[in-house]
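# Residue-level structural notes
Here's the letter readout for the chains.
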Amino acid sequence: MSMIQAPRGTFDVLPPDAARRAVLQSHAERILGAAGYRRIETPTFESTELFARGVGEATDIVQKEMYSFDDDGGRSLTLRPEGTAPVCRAYLEHGMHKLPQPVKLWYLSSFFRTEAPQRGRYRQFWQVGAEAIGAATPETDAELIMLLAELLQALGAKGIRLRLSSLGTPETRAAYRDELTSFLRAHEDGLAPEVVARIDLNPMRAFDAGDATTRETMRDAPTLLERLAGEDVEHFTRVRELLDDQDLAYELDPTLVRGLDYYTRTVYEFTSDTLGAQSGVGGGGRYDGLMEQLGGPATPASGWAAGIERILLAAPDPPIAPQPVDLFVVLAGPGAGRPGFGLVQAARRAGLGAQLELAGRSLKGQLRQGDRLGARYVAIIGDEPLISLKDMESGEQIEVEPQTVVPTILRGSRLA
Ligand code: AMP
């Protein structure tokens, strides 16, 4: 018998790769956790109807990419091809609309699609994703985009670009779809046969065609961005202002289409120039209509998913996530050891990252160590009753009672 191998399109995660994945996860935990996102995990398989809802545009995933099977009771189940619909199902099933909104969730899980395998494209792959459910504001979209940008930057992903667009509301999109379909029908002579064949299935795909004739024809095609109206324009303008304020570079791409049918308004995709054909690192957008499609009340929501394998191809050596040090305690006198020890314990109980000089360094060496650790504050304990607390960012130094050190830092980091 020949040796059994892992199924086509799957791979083993061996220790060196597992270590890199752990680094990626710790960055995601830190960046998303700091923004109030909490981890969620949903089942590996779901009822098929969660993904094949039979409404909206024909999507590639629903068309041909799902691993579906019948269980013993004849129910159709599907290995999850994506994370958003399961997270929304969980939101509805557990009555999360009763929690303060938005409910901000993140996941890191594996997904399954029956795609033709190639570099960066697998049949089982991992995604990190974030969803903010119950918020309609453009700030929510902009914040999510910033979070993915920050994650990619923290990991050192190379050649990253952001493409941004808006799909408007389903009504705008439906009217535009008709307009585009008419345009394509009227210009069939200038389109490749495979583009003509897909006109009714998904006319937007005509913008992705590679051949010169189709590209030439599509230059005159109407774009959806030109057809946005009213609040859709306001929403999109605001998202752009917020990103501009943060100097986050993006290209407007009115032809951006996402693989799933439930997006409304803001959509985006991060790509990496280092990845070749499969250049998509992650993407997402607003999906205000999905909850209703799932049988729930109308609930605005927004989110993204990014592929772990692609991120690690673009960032082969992610730097280990820094552990924030809020306080470093410097011992500056023979009697400082016991109060210093007590101070770090109190700081840690209050949730601060705190470290104590343990190596017997000189005063100068200790100050250097506090600096090297990137400590936000350094407390210098001498033989005096008061403690010198130095804000390492501003350089400001104050004398405080021992019991006020922790509250001062907490106040300072809240203001920061
Ligand atoms: P999507 O859910 O299709 O929007 O994909 C989001 C991200 O997941 C993509 O940008 C890729 O990084 C990653 N991804 C999607 N499909 C695959 C796949 N078959 N293999 C590896 N990564 C994938």
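All figures in this text were calculated on a predicted structure; none of them were measured in a lab.

### As for the overall build of the chain
What the chain contains, in helices and strands, is 15 helices and 16 strands. Overall, the chain is about 90 × 65 × 45 Å in size when its C-alpha atoms are taken along their principal axes. Considering the chain as a whole, with its 416 residues, one finds that 47% of them fall into the buried category. The contacts of the chain with a sequence gap of at least 6 include a subset with a gap of at least 24, amounting to 70%. Put simply, the chain shows about 20600 Å² of open surface, and 52% of that area lies on carbon and sulfur atoms. Averaging the coordinates of the 45 positive side-chain charges in the chain and doing the same for the 58 negative ones gives two points 6 Å apart.

### A few points about the sheet that holds strand β2 (residues 45-47)
The three strands lie next to each other as β2-β4-β3, forming an open sheet whose pairing is antiparallel. Among the strands making up the open sheet, the edge pair consists of β2 and β3 (67-70). Put simply, the sheet's adjacent strands are angled 35 degrees from each other on average, direction ignored. In this sheet, strand β4 (residues 76-79) lies alongside β3 in antiparallel orientation, the contact comprising four bridges. Directly across from Ser68, in β4, lies its bridge partner Thr78.

### Digging into the pairing of strand β7 (residues 160-166)
With seven bridges joining them, β7 and strand β9 (residues 264-272) adopt antiparallel strand pairing. Across the sheet, the residue bridging to Arg161 is Thr271, located in β9. Across two bridges, β7 lies against strand β8 (residues 251-252) in parallel orientation. Of the residues in β8, the one forming a bridge with Arg163 is Glu251.

### A look at helix α10 (residues 230-245)
The periodicity of an α-helix, 3.6 residues per turn, causes residues three or four places apart in sequence to face the same way. A rise of 1.5 Å per residue sets the reference length of α10, with its 16 residues, at 22 Å; its end C-alpha atoms lie 23 Å apart and thus fit the reference within 8%. Among all positions of α10, only Asp232, His235, Phe236, Val239 and Leu243 are buried. Buried residues of α10 fall within an arc of 90 degrees about the axis and therefore sit on the same side. Exposed side of α10, more than 90 degrees from the buried face: Gly230, Glu231, Glu234 and Asp245 are the residues found there. Trailing α10 by a residue or two, Asp247 shows a phi angle of about 55 degrees, which is positive.

### Looking at the sheet that holds strand β11 (residues 301-307)
The eight strands lie next to each other as β1-β5-β6-β11-β10-β9-β7-β8, forming an open sheet whose pairing is mixed. Edge positions in the sheet fall to β1 (38-39) and β8, since each has one partner strand and no second. Across 10 bridges, the pairing between strand β5 (residues 103-112) and strand β6 (residues 124-133) is antiparallel. Bridging across to β6, Leu108 finds its partner in Val128. Relative to β6, helix α4 (residues 84-93) is tilted by about 45 degrees, and along the sheet it contacts β5 and β6.

Reading the values: rules and limits
Residues numbered from 1 in each chain as written. Predicted model: local features only at pLDDT ≥ 70, side-chain atom pairs only at ≥ 80, totals over all residues. Heavy atoms only, no water. Helix = DSSP H or I, 4+ residues; strand = E, 2+ residues; numbered from the N terminus. Buried < 20%, exposed > 50% of the residue type's maximum accessible area, 1.4 Å probe, protein only. Contact = heavy atoms within 4.5 Å. Areas by Shrake-Rupley, 256 points an atom, 1.4 Å probe, with all protein chains shown as cover. Lys, Arg positive; Asp, Glu negative; His and termini not counted. Charge placed at Lys NZ, Arg CZ, Asp CG, Glu CD. Pairing = 2+ DSSP bridges. Axes fitted to C-alpha atoms, helices over the stretch in contact; angles between N-to-C directions. Expected span 1.5 Å × (residues − 1). Arc of directions from axis to C-beta.

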